[in-house]
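Coordinates in review
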Amino acid sequence: MYDVVLLTLGSERDAPGGCGSGGACCGGATGADTAPTSQTDTGRANTDQANSNQASSGQTDTEQCATERPRVPVLACADALNARGARVETVTARSDAEIDAVLARLDGPARPDGLTWPDPDSKIRLVVATASDGQLRAVLRRLVKRYAPAPSKRPADLPGNRTLPDLPPVAVLPLDPARGGTHRDLAAQLGLPRDPAAVAAAVLDGTPRRLDLLRNDGGSVTLDGALLGAADDAGRPLHWRARVEVDDTILTDGEEPLLACAVGNAGGYATLNDVTLLTAPDPADGQVEVAVAVPVVVRSGWGRKRVRLEVRRARGRAVSVLPREGKVPYLDDGVEGELTRKRSWWVEPGAWAVWSI
């Protein structure tokens, strides 16, 4: 039988400077251009326009992290695991160090090259109780930090299209059942169980479902996707400019105005209001889908001008966004941030996994 760790992320109200770089316990802030800035009002991404698939959009880190004590789903999941004979421990982590202490239990035997590698035969299984996609991302970011070797120490047994080994599977225990309905979080998009007893069954009887991971050069990861853009106080989208490239395809050179840019691994940012941005995002196809929404002025047969929205799309292994002026607000896995310099995302095919039945 397995040892199961039920991991919950604590509120930064309990431990200032808590889990997640820069003190953001759910999403992980690393500065204005590398992570969430939800503690300051710096012009937020257009959360009202983000489609109903993103319930976590626009929440502050404090709202996302209200997990001071074990919540009912955590206790119910623990009971279900105990009933099956599993040895269960509940842990509330309020810092990166406390997350790392849990993840260290997943380490494999010492390697000759000195690298820390996950144990593929581990009898310990990890359940992450999530109040938001940002919390799940915070744990995955620490897994990447733990197991991704430095480029100078890249081992020969690492696949050529990856910068890290297969990460240990995690089970996801959603703490908000509402986000499995109209407002869909990542667990709902992936069809993962939400009932605590069903989650327990997936942990003990399920198999790993491997999924793509987006890494970026800001030191973080993306599980679902990112939406770049902003709106004014009335909800009207604001124009901004950036050069957007997907592999060798240039979606925009930075000279024309944009209303939005979606970087999709899954489908959380597939639509914006009534506009389809991403047509077929697949979190297991080894590619990132990217779309930009460009307002284009056209003339009718009568010479009248009107503006239509042109959506340009591309798929590939990597995407870069280079802002041309000022700060570009964004949402990444539902957590707010600002982009002030070039940001690149790339796909790590099948790098992470979830327990599913």
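This one's a predicted model, so the numbers in the text were calculated from it and none came from an experiment.

**Thoughts on the overall build of the protein chain**
Helix and strand counts for the protein chain come out as six helices and 18 strands. Counting the 357 residues in the protein chain, one finds 56% classified as buried. Accessible surface computed for the protein chain: about 14,800 Å², of which carbon and sulfur atoms make up 49%.

**Some words on the nonpolar core**
Core analysis: the largest hydrophobic core is formed by 34 residues, its most contacted members being Leu126, Leu136, Leu140, Leu167 and Trp352. Apart from the residues within four sequence positions on either side, Trp352 is in contact with Leu136, Leu140, Leu167, Val170, Leu186, Arg209, Arg210, Leu211, Asp212, Leu213 and Leu223. Judged by nonpolar contacts, the second largest core, of 25 residues, contains Leu251, Leu258, Trp345 and Val347.

**Observations regarding helix α4 (residues 133-147)**
Look at α4: 21 Å from first C-alpha to last across 15 residues, which is about the 21 Å you get at 1.5 Å a residue. The element α4 is extensively covered by neighbouring structure, given that 13 of its 15 residues are classed as buried.

**Considering the pairing of strand β5 (residues 207-216)**
Sheet analysis places β5 next to strand β18 (residues 343-356), joined by nine bridges and oriented antiparallel. If you follow Leu214 over to β18, its bridge partner there is Val347. Here two bridges tie β5 to strand β6 (residues 221-222), and the two strands are oriented antiparallel to one another. Along β6, the bridge assignment pairs Leu214 with Thr222.

**Examining the side chain of Asn216**
Mapped onto the secondary structure, Asn216 falls in strand β5. In this structure Asn216 touches Val221, Thr222, Arg343, Ser344, Trp345 and Trp346, once residues within four positions along its chain are discounted.

**Notes on the packing of aromatic side chains**
Any aromatic ring pair is given by two values, namely how distant the centres are and how the planes are angled relative to each other. Inspection of every chain in the model, using the stated rule, returns zero aromatic pairs. Its end group placed over the ring of Trp117, Arg111 keeps NZ or CZ at 4.3 Å from the ring centre. The ring of Trp355 carries the charged tip of Arg125 above its face, separated from the ring centre by 3.8 Å.

**Looking at the packing of helix α2 (residues 72-83) against helix α6 (residues 196-205)**
Running from N to C, α2 and α6 cross one another at 45 degrees; their axes reach a closest spacing of 8 Å. It follows from the interaxial angle that α2 and α6 lie oblique. Relative to α6, α2 is oriented so that their crossing is right-handed. Touching Pro73, Ala76, Cys77, Ala80 and Leu81 of α2 are Pro196, Ala197, Val199, Ala200, Val203 and Leu204, all from α6.

**Describing the pattern of salt bridges**
The full count for this structure, using the stated rule, is 22 salt bridges. One salt bridge in this structure joins Arg142 and Asp96, with 3.5 Å as the shortest N-O distance. Note that Arg142 is positioned in helix α4 and Asp96 in helix α3 (residues 96-103), a separation of 46 residues in sequence. On the accessibility criterion, Arg142 (11% relative accessible area) is buried.

**Topic: α6**
Helical geometry note: an α-helix holds 3.6 residues per turn, so side chains three or four residues apart project in the same direction. With seven of 10 residues buried, α6 lies mostly within the body of the structure. Within the sequence span of α6, burial applies to Pro196, Val199, Ala200, Ala201, Ala202, Val203 and Leu204. Residues of α6 that are buried make contact with β1 (3-9), α2, β3 (124-130), β4 (170-174) and β18. Taking the backbone nitrogen of Ala197 as reference, a side-chain oxygen 3.1 Å away marks Asp195 as the first, capping residue of α6.

**Re the packing of α3 against α4**
Axis separation between α3 and α4 bottoms out at 10 Å; the angle between their running directions is 65 degrees. What the angle tells us is that α3 and α4 run roughly perpendicular. As for the relative orientation of α3 and α4, their crossing is right-handed in sense. Of α4, the residues touching α3 (which contributes Asp96, Ile99, Asp100 and Leu103) are Val139, Arg142, Leu143, Arg146 and Tyr147. Its residues placed into classes, the contact of α3 with α4 shows five nonpolar, no polar and four charged.

**Structural notes on the confidence of the model for the protein chain**
Counting all residues, the mean pLDDT for the protein chain is 85, and 80% of those residues have values of 70 or more. In this model, residues 12-67 is a region of pLDDT below 50 whose contacts with residues beyond four sequence positions or in other chains number 189 contacts.

**Focus on unusual backbone geometry**
Even without a glycine there, the phi angle at Asp247 is positive, about 50 degrees. At Asp333, a residue that is not glycine, the phi angle is positive and equals roughly 50 degrees. In this structure, Asp333 sits in the loop between β16 (328-332) and β17 (335-339).

How each quantity is defined
- Residues numbered from 1 in each chain as written.
- Predicted model: local features only at pLDDT ≥ 70, side-chain atom pairs only at ≥ 80, totals over all residues.
- Heavy atoms only, no water.
- Helix = DSSP H or I, 4+ residues; strand = E, 2+ residues; numbered from the N terminus.
- Buried < 20%, exposed > 50% of the residue type's maximum accessible area, 1.4 Å probe, protein only.
- Areas by Shrake-Rupley, 256 points an atom, 1.4 Å probe, with all protein chains shown as cover.
- Core = buried A, V, L, I, M, F, W, Y, C linked by side-chain atoms within 4.5 Å.
- Contact = heavy atoms within 4.5 Å.
- Expected span 1.5 Å × (residues − 1).
- Pairing = 2+ DSSP bridges.
- Phe/Tyr/Trp six-rings, centres within 6.5 Å; stacked < 30°, edge-to-face > 60°.
- Lys NZ or Arg CZ within 6 Å of the ring centre and 35° of its normal.
- Axes fitted to C-alpha atoms, helices over the stretch in contact; angles between N-to-C directions.
- Parallel < 35°, antiparallel > 145°, perpendicular 65-115°, else oblique.
- Left-handed = near helix turned anticlockwise from the far one by under 90°.
- Salt bridge = Lys/Arg side-chain N within 4 Å of Asp/Glu carboxyl O.
- Polar contact = N/O pair within 3.5 Å; in protein donor to acceptor, adjacent residues only side chain to side chain.
- Nonpolar A, V, L, I, M, F, W, Y, C, P; charged D, E, K, R; others polar.
- pLDDT = per-residue confidence, 0-100.

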